[in-house]
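# Topology and contacts: notes
So the chains spell out like this:
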Amino acid sequence: MAKYTIITVNYNNGKELRHTIESVVNQRFRDMEYIVIDGGSTDGSVETIKEYADKIDFWLSEPDNGVYHAMNKGLRHAHGEYVNFMNSGDSFYSPHVLEEIDRQMGDADILFGNVRNPSTGKIYGGIPAGSEVTFLTLKKEILCHQGTFYRRSVFDRRPYDESLKLIADWKVNVQAIVLDNCRVKVVDTIVADYDLTGMSSTQGQLHAEERQRVMAELFPPRILKDYEHLYTESEMPVVALLPEIKRRGRIQRIVYLFVKYLLKLT
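Report follows, based on the coordinates. Predicted model, so just to flag it, every value in this text is computed and none were measured.

### A short note on the overall build of the chain
Per the secondary structure count, the chain includes 11 helices and nine strands. The 266 residues of the chain split such that 47% are buried. Long-range pairs, those at least 24 residues apart, make up 76% of the contacts in the chain between residues at least 6 apart in sequence. When the accessible surface of the chain is totalled, it reaches about 13,700 Å², and 51% of it is carbon and sulfur.

Right under this line is the structure:
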């Protein structure tokens, strides 16, 4: 059994597919398998896949019902202990990524690394290495599947919800981390260059609607009410300043206590 399974999903994105494939097959760490799931492309993608067939462990090209359906197809053919999705248009940051990840994996069920916008050089991750990932973290931070490695058993319990268009990966994270209490590790490693023109980064309204739907499905109203209250408080600028105010003089101390009192009333 391979240590890692890398899955690439593609549909009519042949122009970017080659770069994605090369970033996977050029990894220096070799205890891995590679799966490519194509949605029946007609733009020459299949010809590109065939060029690399000797370096791809499994591939198919057939119509599907969307990206998460395709990702579940890939999972059904995966044999690795850990899985990463590097979909067409995205790529590993360097040939050494899997080497670096393997050195840091330990006993984690889910490992989060960073991703980079190749156009701007901006790094996304939002969580300092070694931090605890909580329910609130999942609401506030960007945790891209391109920078994430999952123990395959996470998906054996809960595959991607194919009824969702944009945030089935976020739902998997909430279920695994909050409901199943999976072991999580955050590392300061750039895993991938992430194509920010993808659909999940450009359809904000649908993204928000699907998040609301998932939250309502997974949690009762009383928990949701407290969660939203906690989130609102944590976003208030004065809350972020409280530790600094507390460290200052007598007047500032009075302000600190007054603000804490007001928060209790909300």
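### Quick look at the packing of aromatic side chains
The final tally for this structure, using the stated rule, is nine aromatic pairs. For the ring pair Y68 and Y160, a centre distance of 5.5 Å and an interplane angle of 35° mean the geometry is tilted. Taken together, the residues span a long stretch of sequence, with Y68 in helix α3 (residues 67–76) and Y160 in the loop between α6 (152–157) and α7 (168–179) at a distance of 92 residues. By relative accessible area, Y68 is classed as buried at 5%. Site record: aromatic cluster; members linked through ring pairs are Y68, F85, Y150, F155 and Y160.

### Examining helix α1 (residues 14–25)
Taking 1.5 Å of rise per residue, 12 residues should cover 16 Å, and α1 covers 17 Å from first to last C-alpha, within 8% of that figure. Along α1, the residues classified as buried are G14, L17, T20, I21, S23, V24 and V25. At its buried positions, α1 is contacted by β1 (4–10), β2 (32–38), α2 (45–51) and β5 (91–92).

### Some details on the side chain of K73
Looking at the element boundaries, K73 is found in helix α3. K73 sits in the buried class, given a relative accessible area of 7%. Not counting chain neighbours up to four residues away, the residues in contact with K73 comprise I37, E62, P63 and D64.

### Considering unusual backbone geometry
Even without being a glycine, N12 presents a positive backbone phi close to 50°. Relative to the assigned elements, N12 resides in the loop between β1 and α1. At N181, a position not held by glycine, the phi torsion is positive, near 55°. Looking at the secondary structure, you find N181 in the loop between α7 and β9 (184–193).

### Considering the pairing of strand β4 (residues 82–85)
With burial as the criterion, each face of β4 is covered, one bearing Y82 and N84 and the other bearing V83 and F85. Note: β4 against strand β8 (residues 148–151), two bridges, orientation antiparallel. When the bridges of β8 are listed, Y82 appears paired with R151.

### Things to note about the nonpolar core
Counting 41 residues, the largest nonpolar core has F85, I110 and Y160 as its most contacted members. Of the residues forming this core, the biggest block, six residues, is contributed by α7. Residues V36, M86, F92 and M105 belong to the second largest nonpolar core, which totals 30 residues.

The rules behind these values
- Residues numbered from 1 in each chain as written.
- Predicted model: local features only at pLDDT ≥ 70, side-chain atom pairs only at ≥ 80, totals over all residues.
- Heavy atoms only, no water.
- Helix = DSSP H or I, 4+ residues; strand = E, 2+ residues; numbered from the N terminus.
- Buried < 20%, exposed > 50% of the residue type's maximum accessible area, 1.4 Å probe, protein only.
- Contact = heavy atoms within 4.5 Å.
- Areas by Shrake-Rupley, 256 points an atom, 1.4 Å probe, with all protein chains shown as cover.
- Phe/Tyr/Trp six-rings, centres within 6.5 Å; stacked < 30°, edge-to-face > 60°.
- Expected span 1.5 Å × (residues − 1).
- Pairing = 2+ DSSP bridges.
- Core = buried A, V, L, I, M, F, W, Y, C linked by side-chain atoms within 4.5 Å.

Just distances and angles here, no functional claims.
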